[in-house]
Amino acid sequence: MRRQIVAGNWKMNTTPAQGVELIKNVAAQKKQAKESVELITGVPYTHICCVSEIAKENGIAIAAQNCADKASGAFTGEISAEMLASLGVQYVILGHSERREYYGETSKTLNDKIKLVYDNNMAPIFCIGEKLEEREAEKHFDVCRAQIEEVVFNLTAAQFEKLIVAYEPVWAIGTGKTASAEQAEEIHEFIRKVLAEKFGAAAEKTPILYGGSCKPSNAEEIFSKANVDGGLIGGAALVAEDFVGIAKAF
Ligand code: PEP
C-alpha cells in the first residue's frame, strides 16, 4: 500500500502568531484522522521556527514552499536548502504553478533546486499541472509528461524513492473548480505510467497527490481513486477543521 498524504500549502497567508494558532488547532484535531495518514504543512519561511516544535510533538511534518537554486553566497533575499534543513524542515514544495507563473520558475532552476533539496536530506513535493488553455486543447498529458521528463527523469533511483508528486491543474487552483475524480484518476494513472517508463516498479510506490480546490466535501471521492494518494491543499489548509476534514476523507 502506498503512503497516504495530506499536505497543506499556506502560501503567503497568516502572521507567525496566527500560524502558531493554526498548527495548534490542526494538532488538536489530528486524531480524528487515521493515524496512517501523514500530515505535512507548508508554511512561510518566517513561521518555521515558531511552528516546528509544535508540529514535531504532534507528528506533523513541515514543508517549505520554495528554496534557493544556489547553495549559499551573495544572493540577497534568498533562503537556502541548507538553512531549511537545519531548522528541521523535511519537505520542500517545488514547481508550484504560482512560482512557475509569477516568478519565472523553469525546469532549469527546478533541476538546481531539487538537487539541493536532496543534498540536504529533504524530499521534494514536485508540482506539475496544465493551464486551462492546455486542458482545453487536450495537451494536458503532454504538458505533464514534459514537466516530469525535464526534472524528475534526472533523478537517481535513490532520489526518486523519496519523491512526492503533486498534480495540480492550474485551472483548479484557488478557483473553486475541482477536477472530477475521474479526471484526476485518468491523469494520475498517466503520470505513474510516465514515471514507470524511467524508474520501473518503483513508480508504484510514488505518492501522487491531487491539488486544486480540494475540500472536505470532495476529498473522499477524489481520494477513493486508485492512483490518488492524497492532496496538496491551499485554501482549505488555512482552516484547521477543513484541513483535518480532508485528512479524514481517507
Ligand atoms: C495549491 O495552491 O497548491 C492549491 C491546491 O490551492 P487550492 O487548494 O486553494 O486550490
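Residues numbered from 1 in each chain as written. Predicted model: local features only at pLDDT ≥ 70, side-chain atom pairs only at ≥ 80, totals over all residues. Heavy atoms only, no water.

1. Description of unusual backbone geometry
Negative phi characterises most residues that are not glycine, and trans characterises most peptide bonds.
Phase 1 of the analysis: With a phi close to 75°, Thr-14 is a non-glycine residue in the positive phi region.
Phase 2 of the analysis: Relative to the assigned elements, Thr-14 resides in the loop between β1 (4-9) and α1 (16-29).
Phase 3 of the analysis: Phi angles above zero are rare outside glycine, and Ser-213 is one such case at about 55°.
Phase 4 of the analysis: Turning to its location among the elements, Ser-213 is positioned in the loop between β7 (208-211) and α10 (216-223). (Helix = DSSP H or I, 4+ residues; strand = E, 2+ residues; numbered from the N terminus.)

2. Describing the nonpolar core
Phase 1 of the analysis: The biggest cluster of nonpolar side chains holds 71 residues, and the ones touching the most others in it are Val-6, Phe-126, Val-152, Ile-191, Leu-195, Tyr-210 and Phe-223.
Phase 2 of the analysis: Among residues more than four places away in sequence, those in contact with Val-6 are Val-37, Glu-38, Leu-39, Ile-40, Phe-223, Gly-231, Ile-233, Phe-243, Ile-246, Ala-247 and Phe-250.
Phase 3 of the analysis: Core analysis: the next-biggest nonpolar cluster, separate from the first, contains 14 residues, Ile-40, Ile-93, Ala-123 and Ile-125 among them. (Core = buried A, V, L, I, M, F, W, Y, C linked by side-chain atoms within 4.5 Å. Buried < 20%, exposed > 50% of the residue type's maximum accessible area, 1.4 Å probe, protein only. Contact = heavy atoms within 4.5 Å.)

3. Describing the environment of Ile-222
Phase 1 of the analysis: Mapped onto the fold, Ile-222 is located in helix α10.
Phase 2 of the analysis: A relative accessible area of 2% means that Ile-222 is categorised as buried.
Phase 3 of the analysis: Distance from Ile-222 to Ile-187, taken between C-alpha atoms, is 12 Å for residues 35 residues apart in sequence.
Phase 4 of the analysis: With sequence-adjacent residues up to four places away left out, Ile-222 is seen in contact with Thr-178, Ala-179, Ala-181, Ala-184, Tyr-210 and Val-228.

4. A look at the packing of aromatic side chains
Two aromatic rings, taken as a pair, are described by how far apart their centres are and by the angle between their planes.
Phase 1 of the analysis: By the definition in use, this model includes 5 aromatic pairs.
Phase 2 of the analysis: On the basis of an interplanar angle of 85° and a centroid distance of 6.4 Å, the ring pair of Phe-153 and Phe-199 is categorised as edge-to-face. With Phe-153 in the loop between α7 (140-151) and α8 (157-160) and Phe-199 in helix α9 (residues 181-199), the pair connects residues that are 46 residues apart, well separated along the chain. Note on accessibility: Phe-153 and Phe-199 belong to one class, buried.
Phase 3 of the analysis: Aromatic pair Tyr-167 and Tyr-210: ring centres 6.5 Å apart, planes at 50°, arrangement tilted. Residue Tyr-167 is found in strand β6 (residues 164-167), and its partner Tyr-210 is found in strand β7; the two are separated by 43 residues along the sequence. Accessibility classification places Tyr-167 together with Tyr-210 in one group, the buried group.
Phase 4 of the analysis: Feature note: the residues Phe-153, Phe-160 and Phe-199 constitute an aromatic cluster, connected by ring pairs. (Phe/Tyr/Trp six-rings, centres within 6.5 Å; stacked < 30°, edge-to-face > 60°.)

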